[in-house]
Amino acid sequence: MLNFEYHNPVKIVFGKDQLPKLPSYLSDEQVSGKVLILYGGGSIEKTGLLDRIKQVLSSYQLSYFKGVEANPEYSTLMKAVEQIRQENIEFVLAVGGGSVIDAAKFIVGAVNYDGEPWDVLARKGSAQFKDALPFGTILTLPATGSEANSGAVISRSEIQEKRTMGGPLFFPKFSFLDPTLIATLPERQIANGIIDAFMHTLEQYLTYPTQNRLQEREAEAILQTLIEIGPKVLQNPSDYDAAANLMWCATHALNGNLRCGVPTDWATHMIGHELTALFGIDHARTLAIVAPRLYEQLFEEKKEKLQQYGQRVWNLDGSPEQIAQKAIEETETFFQRLGVNTRLSSYSPEAPSAVNIVRERFLERNWHLGEHKNVDALIAAKIVEQSL
Ligand code: NZQ
Ligand code: ZN
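Rules used throughout
Residues numbered from 1 in each chain as written. Chains lettered and ligands numbered in written order. Predicted model: local features only at pLDDT ≥ 70, side-chain atom pairs only at ≥ 80, totals over all residues. Heavy atoms only, no water. Helix = DSSP H or I, 4+ residues; strand = E, 2+ residues; numbered from the N terminus. Rg over C-alpha atoms; globule rule 2.2 N^0.38 Å. Buried < 20%, exposed > 50% of the residue type's maximum accessible area, 1.4 Å probe, protein only. Contact = heavy atoms within 4.5 Å. Areas by Shrake-Rupley, 256 points an atom, 1.4 Å probe, with all protein chains shown as cover. Lys, Arg positive; Asp, Glu negative; His and termini not counted. Charge placed at Lys NZ, Arg CZ, Asp CG, Glu CD. Donors = N, O, S within 2.8 Å, 3.2 Å for Na, K, Ca; no water. Polar contact = N/O pair within 3.5 Å; in protein donor to acceptor, adjacent residues only side chain to side chain.

Caption draft 1: Region of the structure containing the overall build of the chain. Summing up its helical and strand segments, the chain has 15 helices and eight strands in all. Relative to the globule expectation of 21 Å for 388 residues, the C-alpha radius of gyration of the chain, 20 Å, shows essentially globular dimensions. Projected onto its principal axes, the C-alpha positions of the chain cover 65 × 45 × 45 Å. Across the 388 residues of the chain, 58% fall into the buried class. Within the chain, contacts between residues separated by at least 24 positions form 77% of all contacts whose residues are at least 6 apart in sequence. Accessible area for the chain stands at about 16100 Å²; split by element, carbon and sulfur atoms hold 47% of it. Counting 37 positive and 47 negative side-chain charges, the chain places the centres of these two groups 1 Å from one another.

Structure, rendered in structure tokens:
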């Protein structure tokens, strides 16, 4: 087992009818001043969630920032930063999916930063956020695990970039996880959520065999649960127990637990981010496009783990080679059964241009990704080419 350090301070409040506890969580954080409610395009207005939040926080001074996009945009978030500076906000409450929660992480770091905050995302010199306002979340879409981790991904469309940030300052103080909120999600977002959680698990599992049996079996448990309940949630998002399992799986897939003592990959995500930056494809769909081709490309080095995954998660039999191959096919078919197209060309007529752009960006950034640090510009470009 590899060495590791583990710390996750996020208080999780899970279940239905928990919202009345929100004031007590804010008072635990000694919030007495203004709270900024940060949200997306308006789903929380339509579903009535915003009104319910206003009701339980009626004794607080509230301010609002509406308009965080899916794949949160730097220029939009800088407007929120300006509002926080002007209104002397003490605490940010992010209400939404991964985009709104990621947006909060960036905003709370950028607000007291003297320089150009993009430098932090672009990893320019030693640029780093040095402090952050406290924030909490109310999750409305199970997918990213952002509600329980300290990472964020921010886009800047004018330069077609999507970059990551994070660190111990960016853990939410608390996160409310109410599975009943899944009921209003469009099918597309439910499918995205299942795939994102599935892929977070695979990124920390599908590497090479380790002696960390606990983490390996925890990963397998998440994968099996998602295979079992994912289609049920799609069919009936009001099925509370299925929705609750999806929500809890998605949180567990990226709350820092699965990576303890094991090698991790993340190359699918990093290539996927480029595809979102170039073509605006939903995050999870980029993963469904890239992952099967990446596993084929790196078949030899991932073969043993693919076999374990095929046997334990998909109950496959045959020769080790056949099981490993079939495991990739089962994974792709699972994504397709959720209604997701796994071919890049079906998303944009410009798709072939991604091959060269990804190659150039990997070269420029000197990226060597994956558990063996061998996914370089050449291999990444090949994977994108195979994904077309
Ligand atoms: O904006 P509103 O109107 O709220 O609508 C949203 C949005 O259009 C809608 N939605 C959310 N909850 C809803 C709802 N509609 C009806 N009912 C509800 N209960 O869903 C749409 C998508 O929301 P978004 O937050 O963009 O989705 P998701 O949670 O999948 O987040 C994706 C973002 O997270 C990043 C991705 O790169 C992407 O930018 N990720 C963040 C990670 C992290 N911080 O750990 C890890 C992930 O790998 C991922 O990269
Ligand atoms: Zn993801």
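Moving on from the model shown.
Caption draft 2: Inspection of the coordination of the zinc ion (ligand 2) at higher detail. Protein ligation of the zinc ion (ligand 2) involves Asp196 (OD), His200 (NE2), His269 (NE2) and His283 (NE2), the donor distances falling in the range 2.0 to 2.1 Å. When the donors of the zinc ion (ligand 2) are listed by position in the chain, the intervening gaps give D-x3-H-x68-H-x13-H. With a gap of 87 residues between them, Asp196 in helix H7 (residues 187-203) and His283 in helix H11 (residues 283-297) connect regions that are remote in the sequence. Taken individually, Asp196 and His283 each receive the classification buried, so the pair is uniform in this respect.

Caption draft 3: Local environment of the side chain of Gln83. Here Gln83 lies in helix H4 (residues 74-87). Here Tyr64 takes part through its backbone oxygen, which lies 2.9 Å from a polar atom of the side chain of Gln83. Setting aside its immediate chain neighbours within four residues, Gln83 contacts Leu36, Ser63, Tyr64 and Phe65.

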